[in-house]
Amino acid sequence: MRAIVYEAFDGPLEVRDVPAPTPTPDGAVVRVEASGLCRSDWHGWRGHDPDVEVPHVPGHEFAGVVETVGPYVRGWSPGARVTTPFVCGCGRCAACQRGQHQVCVAQTQPGFTHWGSFAEYVLVEHADVNLVALPDELSAVTAASLGCRYATAWRAVVQQGDVAPGEWVAVYGCGGVGLSAVQIAVAAGARVVAVDVSADALALARELGADVGVDAAAVDSAADAVREHTGGGAHLSLDALGSAQTCASSIESLRTQGRHVQVGLLPRVAGAPTVPMDVVIARELVVLGSHGLAAHAYPQRLAAVTAGRLRPDLLVRRTVTLAEACTALPALGDAPAAGVTVVDSF
């Protein structure tokens, strides 16, 4: 099969012919029709994820068609249109038994724990636990955009953040995760302040329904600007970028008893962020993390998409070939383009 491979962290990416995966006894091999480019792939390529071993095939946001299944798979057959969470649960551990597959202690992650979806085929382990059926009317490109970023944003805003109509939500970083969070918060009836340093990203956030856009590079304190626009602070704030500065600013943006959700990755190689715990204590803030979305939680979100209440297709601003992704992936760390980019040609 054709796949993007890198032999060394931060090294060249190239399209090669490599062996296709075979299904594990309870797994499935999916023929990939579309795969999103996510900054998490960039972190893996840079060597920030201890699960990644080289040579490696990245990619973890995908949609496609079941090609083959293992002998223990009961719920799926070849030909089914599917997607999967980027965190795949084992279905057996205590977390999975509670329905919390996204924090499974034995989780697998295509594109991290094993070769991923920047390829013609990808392996999904524990298929009966992790595969999600796609509605006929949902294109593969849109379905791929529902992966890591949109799923994580949904859990961050709706489940972890417990957003309510009329609340102010601050979103730091308007890349794929942040823009997804903007759209989801607006659909929930919240008012949104989007924070970024890119005029294009802020314009897209407003297009998706954000009430206010704050250019963090143009103000002395983004947190102060958010507190001013929201009349005392956001009820809910998300760091969708993942940096020491955006983490601290998100927390400092909150009003009394507000909720901060950390969504953007903070790899240890970048150093531990300084969390303003004095602010957390004084305002009795809640600090939470968000790590993906279990497969069993997908139907509610898919229903909102097919009903038109959520429009992830509006986030997709560019489609590229597998070869073009070799250039597009490294660019995610420097000046990522606004919106979501999806590979749709393999």
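Worth saying up front: this structure is predicted, and the values here are computed from it rather than measured. (Residues numbered from 1 in each chain as written. Predicted model: local features only at pLDDT ≥ 70, side-chain atom pairs only at ≥ 80, totals over all residues. Heavy atoms only, no water.)

Caption draft 1: Structural view of the packing of aromatic side chains. Taken as a whole and assessed by the stated rule, the structure comprises one aromatic pair. A centroid spacing of 6.4 Å and a plane angle of 55° characterise the contact between Tyr-6 and Phe-9, whose relative ring orientation is tilted. One Lys or Arg, Arg-301, reaches over the ring of Tyr-298 and ends 4.2 Å from the middle of that ring. (Phe/Tyr/Trp six-rings, centres within 6.5 Å; stacked < 30°, edge-to-face > 60°. Lys NZ or Arg CZ within 6 Å of the ring centre and 35° of its normal.)

Caption draft 2: The arrangement of a nonpolar patch on the surface in detail. A cluster of nonpolar side chains, Val-275, Met-277 and Ile-281, forms an exposed patch at the surface whose accessible area comes to about 280 Å². Among the secondary structure elements, Ile-281 is positioned in helix α10 (residues 277–282). (Patch = residues over 30% accessible without salt bridge, like charges linked within 9 Å, V, L, I, M, F, W, Y side chains within 5 Å. Areas by Shrake-Rupley, 256 points an atom, 1.4 Å probe, with all protein chains shown as cover. Salt bridge = Lys/Arg side-chain N within 4 Å of Asp/Glu carboxyl O. Helix = DSSP H or I, 4+ residues; strand = E, 2+ residues; numbered from the N terminus.)

Caption draft 3: View of unusual backbone geometry. Cis geometry is found at the peptide bond from Val-54 to Pro-55, where omega equals 0°. Locating Pro-55 in the fold gives a position in the loop between α1 (39–46) and β4 (61–69). Residues other than glycine seldom take positive phi values, yet Asp-10 does so here, at roughly 65°. Among the structural elements, Asp-10 can be located in the loop between β1 (2–6) and β2 (13–17). What makes Asp-10 partly exposed here is its relative accessible area of 43%. With a phi close to 60°, Gln-257 is a non-glycine residue in the positive phi region. Along the chain, Gln-257 falls in strand β12 (residues 254–262). (Buried < 20%, exposed > 50% of the residue type's maximum accessible area, 1.4 Å probe, protein only.)

Caption draft 4: Structural detail: the sheet that holds strand β10 (residues 212–215). Strands sit in the order β10-β9-β8-β11-β12-β13 across an open sheet of six strands; the sheet is parallel. Strands at the two margins of the open sheet, each flanked by one partner only, are β10 and β13 (286–289). Strand after strand, the sheet turns through a mean of 20° between neighbouring axes, direction not considered. Pairing of β12 with β13, which is carried by four bridges, proceeds in the parallel orientation. Counterpart to His-260 in the pairing with β13 is Val-287. In the packing of helix α5 (residues 148–160) onto the sheet, contacts are made with β11 (234–239), β12 and β13, and the angle to β11 comes to roughly 155°. Contacts between helix α6 (residues 176–187) and the sheet are confined to β8 (168–172), β9 (191–196) and β11, with β8 contributing the most and set at about 170° to the helix. (Pairing = 2+ DSSP bridges. Axes fitted to C-alpha atoms, helices over the stretch in contact; angles between N-to-C directions. Contact = heavy atoms within 4.5 Å.)

Caption draft 5: Quick look at the side chain of His-60. Among the structural elements, His-60 can be located in the loop between α1 and β4. Within polar-contact distance, the side chain of His-60 engages the side chain of Asp-41 at 2.7 Å. (Polar contact = N/O pair within 3.5 Å; in protein donor to acceptor, adjacent residues only side chain to side chain.)

Caption draft 6: Looking closely at the nonpolar core. Counting residues in each nonpolar core, the largest one holds 52 residues, and the members touching the most others are Val-169 and Leu-238. When sequence neighbours within four positions are dropped, the list of residues in contact with Leu-238 reads Ala-156, Val-157, Val-169, Ala-170, Val-171, Tyr-172, Ala-181, Ser-250, Val-261 and Val-263. Core analysis: the second largest hydrophobic core is formed by 32 residues, Ile-4, Tyr-6, Val-73 and Leu-329 among them. (Core = buried A, V, L, I, M, F, W, Y, C linked by side-chain atoms within 4.5 Å.)

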